[in-house]
Amino acid sequence: MSGKDHQFVFNFLWVYKIKKGPNGEILRYKARWVARDFSQKYGVDFTEIFAPTIRYSSLRLLLSMANHFDLDLYGLDVSNAFARSEITDHKLYVQQPTGHEKRSSSGKPYVCHLQKGLYGTKQAARLWNQKFKKFLLARGWRQYESDPCLFSRHTQRYGHELIGLYVDDICHCTSSEKAHKALLQACNSEFPTTSQGPLSWILGMSVKRDRANRILSLDQRQSIFDFLNTWNHNFKSSSRPTPTSEKWNYGSEPPSTDEEVIKQYRSQVGSLNFYAQTTRPDIAYPVSVLCRYLSIPNVQCLTAVRHIMSYLAGNLDIGISYVGQDNLALEADCDANWGSPNDSTT
């Protein structure tokens, strides 16, 4: 439409990304026309924007149950998921994609009335989540109150099924391959969906199964490897995430005043905290200690971070393993500081 027929126009830009597989191999090159959402105005272009995603703890629970009951696990991917949902809450006007502009007879560029949610618009994730939720509920799926991105269904034909949703990445747990094909067919009736086959990779985690022995293993080897390479350090391997010969008196030295050092420390600890909460509980305790000094890190804190990163460099393949048992019971063991008697932080 003509530029004079709109109220407010916000900008987009091309974003290029390389999608990699579990071993770092290049799967495909992606180009997206993405909104610069900071130019959207509250009350004019959007109101509600919250969209839930499945918690990692819920996803691990789903995977562990699949292993325990020896269920099939499949991955589904919706092509350009955000563009499959309709924008109904507000009228959005955007600039034309760079390289594909059209002009009026007077030479003025047209603007586009956006009818589908595109990546970068503030409400796109929410609209897609609502669309997929509506799709599932209409077909007899039940949404869990404990996690709004976890769904289940039981039918006489296909038995019990579970779905975990993280934006457009879908984990389907079922006892029948026919049930997976039926779900894939139903999804394709609404939006283009491809099956990734038996689940081997989800949310940066590698999934390995030994169904004969009922063992399912998760690790983030490639993600951790990329994280370590980001800092371009030659880390020497360490056998423990914490030093056993030193006291944890991290607050005894004066804090750093270098803003770049503080920024780097926060970035590294944030990444380590993510791994601690997903597949590396072995570093959870030392990372929790380092989180206390995010605003006042000192030399001892920086040394401790490097020590944990050295430990990860020498133990990339460690992860979480679930072993199926006849009795489905929760068991836990804890040795928080790896037996160090000199920890003065507790």
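Given the structure is predicted, the values throughout are model-derived calculations rather than measurements.

Cut-offs used in this document
For every chain, the first residue of the written sequence is number 1, and numbering continues from 1 along that sequence. Reporting of local features is limited, given that this is a predicted model, to residues whose pLDDT is at least 70; pairs of side-chain atoms are given and counted only at 80 or more, and all residues count toward the totals for whole chains, interfaces and linings. Note: side-chain values were computed over all heavy atoms of the structure, leaving out hydrogens and water. Throughout, exposure labels follow a simple rule: accessible area from a 1.4 Å probe, protein chains only, divided by the maximum for the residue type, with under 20% read as buried, over 50% as exposed, and the rest as partly exposed. In DSSP terms, a helix is any run of H or I states spanning at least four residues, a strand is any run of E spanning at least two, and both are numbered starting from the N terminus. At least two DSSP bridges between two strands are required for those strands to pair. Polar contacts here mean pairs of N or O atoms no more than 3.5 Å apart (in protein, one a potential hydrogen donor and the other a potential acceptor; neighbouring residues in sequence count only if both atoms are side-chain atoms). Note on contacts: a residue pair qualifies if any of its non-hydrogen atoms lie within 4.5 Å across the two residues.

### Remarks on the pairing of strand S9 (residues 159-166)
- Of all eight residues making up S9, six are buried, and the element is well covered by its neighbours.
- Pairing between strand S8 (residues 150-155) and S9: six bridges, direction antiparallel. What sits directly across from leucine 150, in S9, is glycine 164.
- Two successive antiparallel strands, S8 and S9, enclose a turn made up of three residues.
- Inspection of the sheet shows S9 paired to strand S10 (residues 169-174) by six bridges, in the antiparallel sense. In the strand pairing of S10, leucine 165 is matched with isoleucine 170.

### Considerations on the sheet that holds strand S5 (residues 92-94)
- Ordered in space as S1-S5-S6, the three strands form an open sheet in which the pairing is mixed. Both outer strands of the open sheet, strand S1 (9-10) and strand S6 (112-114), are each paired with one neighbouring strand and no more.
- Bridge analysis of S1 against S5 gives two bridges, and the strand direction is parallel. Bridging from a neighbouring strand, phenylalanine 10 pairs with valine 94 of S5.

### Observations concerning the side chain of aspartate 219
- Secondary-structure assignment places aspartate 219 in strand S14 (residues 215-219).
- In terms of polar contacts, aspartate 219 uses its side chain to reach the backbone amide nitrogen of arginine 221, at 3.1 Å.
- Setting aside its immediate chain neighbours within four residues, aspartate 219 contacts Gly204, Met205, Ser206, Lys208, Thr279, Asp317, Ile318 and Gly319.

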